Structure formats: C-alpha cells, structure tokens
Amino acid sequence: MPAQIGQVSEVTGSNIKALMDQDQLNAAQSGAGGEQGVTVGSMVEVKSGTARVLGIVSAIRSAGADRGAIMDISLVGQFVSNPNGGSDFKRGIARWPAIGSPVLTVAEADAASVVKTTSTSTVHIGKAEFNGTQDIYLDVDNLLRTHFAIFGSSGSGKTSTTSVILRAILER
C-alpha cells in the first residue's frame, strides 16, 4: 500500500520539489510502503486533485538537522483509470500538482503499468531496477522505426545496454 513520504513545496515546469519531515524521511529510509526505501531513481506518485502523476526522484538532500529532506522529482506521466478497475500509465502531464499535494510511494501494480507493453514485436532485455522483479520488454518495431540514442556517463553501461538489445533482436 502506498505511503505518504512528503508534500509538494515547489512546482517548476516538469520538475517539483517535495519536503519530507523527519518521520517521513525515517519511513522512506526504512522502506515504508514497499520493500525498498525511497532514493534517487525511485518512482513516486503525486496526487493532483483526482489525477495521479508519476515522478522519478532525481535528488535528495538534507533540509537541516532533524528537519527531514528535500526531494527533487521529475514528472514523467500520469496514471489513468482503465475499464478493468486498474490503472494504465500515460506519458505527459495533464494536471500539474499544487503546493501541498501529497507525495506517495508507488504501488507495485502501478509500477508494473509503467513498463507494460501490448506490442507483439518485443524482446526481453532484463528486469526493472526500481523493483528487480518486473520484466522489461523493448518494442523492436518502434525502436527501429525511428532514430534513437542511448545516453549515459562513462561507465554507466551504454555499451552493455546496446549489446543486450542487439543480442535480443538477433535471437528473436
């Protein structure tokens, strides 16, 4: 079950800042709302009225001794209800969060919807870093239909990623 880990304190385009009080920081560090604590790279949900916006934590820094922490969050999309009673992930934001909006951990089913694909031209390239259990598939037709790039700093795995993708395509 998602747990509240903070509240929005600033909104700037597709980025927000959220404050975590000391109790929320302790809960996030202990993994409340999931087996892993919230850290850089974690997915978070931001309530925005009836909208549920997905963000990725890009930085966490101290707000001072016993004052909690400040999270920088990049907004990437939103969860929309589907006819089956669940949620689907859609890129883009239709409604930006307001100051004071709650920031929560992401439910496992919602996290899975972020990487779900309905394409039949996919190759398996690994497991999701955010939970280590969700299979990641790459839509080969969409990938090869247009330009794409793999970015990262030195040693981040660009060559390994390219190798995994090419090997999976050739084995298909």
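From a predicted model like this one, the values you see are computed outputs, not experimental measurements.

**Q** Give me the overall build of the chain: which residues, what numbers.
**A** A tally of regular secondary structure across the chain gives four helices and nine strands. In sequence order, the chain lays out its α and β elements as β-β-α-β-β-β-β-β-α-β-β-α-α. For the chain, the spread of C-alpha atoms along the three principal axes comes to 55 × 40 × 30 Å. Counting all 172 residues of the chain, 35% fall into the buried class. Excluding contacts between residues fewer than 6 apart, the proportion of contacts in the chain whose partners are at least 24 apart in sequence is 48%. Just so you have it, the chain exposes about 10100 Å², and 52% of that area is on carbon and sulfur atoms.

**Q** Before we move on, can you summarise the nonpolar core with the specific residues and values?
**A** One finds Ile 5, Val 44, Met 71, Ile 73 and Val 103 to be the most contacted residues of the largest nonpolar core, which totals 17 residues. Top element by residues in this core is strand β5 (residues 69-81). It accounts for four residues. Apart from residues no more than four positions distant in its own chain, Val 103 is found in contact with Ala 3, Gln 4, Ile 5, Gly 6, Gln 7, Val 8, Ala 18, Val 44, Glu 45, Val 46, Met 71 and Ile 73.

**Q** Outline the confidence of the model for the chain, listing residues and values.
**A** Overall, the predicted model of the chain reaches an average pLDDT of 84, with 94% of residues at or above 70. For the chain, helix α1 (residues 22-30) is the element with the lowest average pLDDT, namely 76, and strand β2 (residues 15-20) is the one with the highest, namely 94.

**Q** Would you mind going over the environment of Ala 63 in detail, with residue names and values included?
**A** If you trace the backbone, Ala 63 turns up in the loop between β4 (51-62) and β5. Each C-alpha atom, one on Ala 63 and one on Gln 22, is 9.4 Å from the other, the two residues being 41 residues apart in sequence. Apart from residues no more than four positions distant in its own chain, Ala 63 is found in contact with Gly 68, Ala 69 and Ile 70.

**Q** Can you tell me about the side chain of Ser 87, naming the residues and giving the values?
**A** Among the structural elements, Ser 87 can be located in strand β6 (residues 87-91). On the accessibility criterion, Ser 87 (17% relative accessible area) is buried. Among the polar contacts made by the side chain of Ser 87, one reaches the side chain of Arg 52 at a distance of 2.8 Å.

**Q** Mind laying out the packing of aromatic side chains, listing which residues take part and the relevant values?
**A** Under the criterion given, the structure shown has one aromatic pair. Seen from their ring centres, Phe 79 and Phe 89 are 6.1 Å apart, and the 65° between their planes marks the pair as edge-to-face. Of the two residues, Phe 79 is situated in strand β5 and Phe 89 in strand β6; the sequence distance between them amounts to 10 residues. By relative accessible area, which is 16% here, Phe 89 ends up buried.

Cut-offs applied
- Residues numbered from 1 in each chain as written.
- Predicted model: local features only at pLDDT ≥ 70, side-chain atom pairs only at ≥ 80, totals over all residues.
- Heavy atoms only, no water.
- Helix = DSSP H or I, 4+ residues; strand = E, 2+ residues; numbered from the N terminus.
- Buried < 20%, exposed > 50% of the residue type's maximum accessible area, 1.4 Å probe, protein only.
- Contact = heavy atoms within 4.5 Å.
- Areas by Shrake-Rupley, 256 points an atom, 1.4 Å probe, with all protein chains shown as cover.
- Core = buried A, V, L, I, M, F, W, Y, C linked by side-chain atoms within 4.5 Å.
- pLDDT = per-residue confidence, 0-100.
- Polar contact = N/O pair within 3.5 Å; in protein donor to acceptor, adjacent residues only side chain to side chain.
- Phe/Tyr/Trp six-rings, centres within 6.5 Å; stacked < 30°, edge-to-face > 60°.

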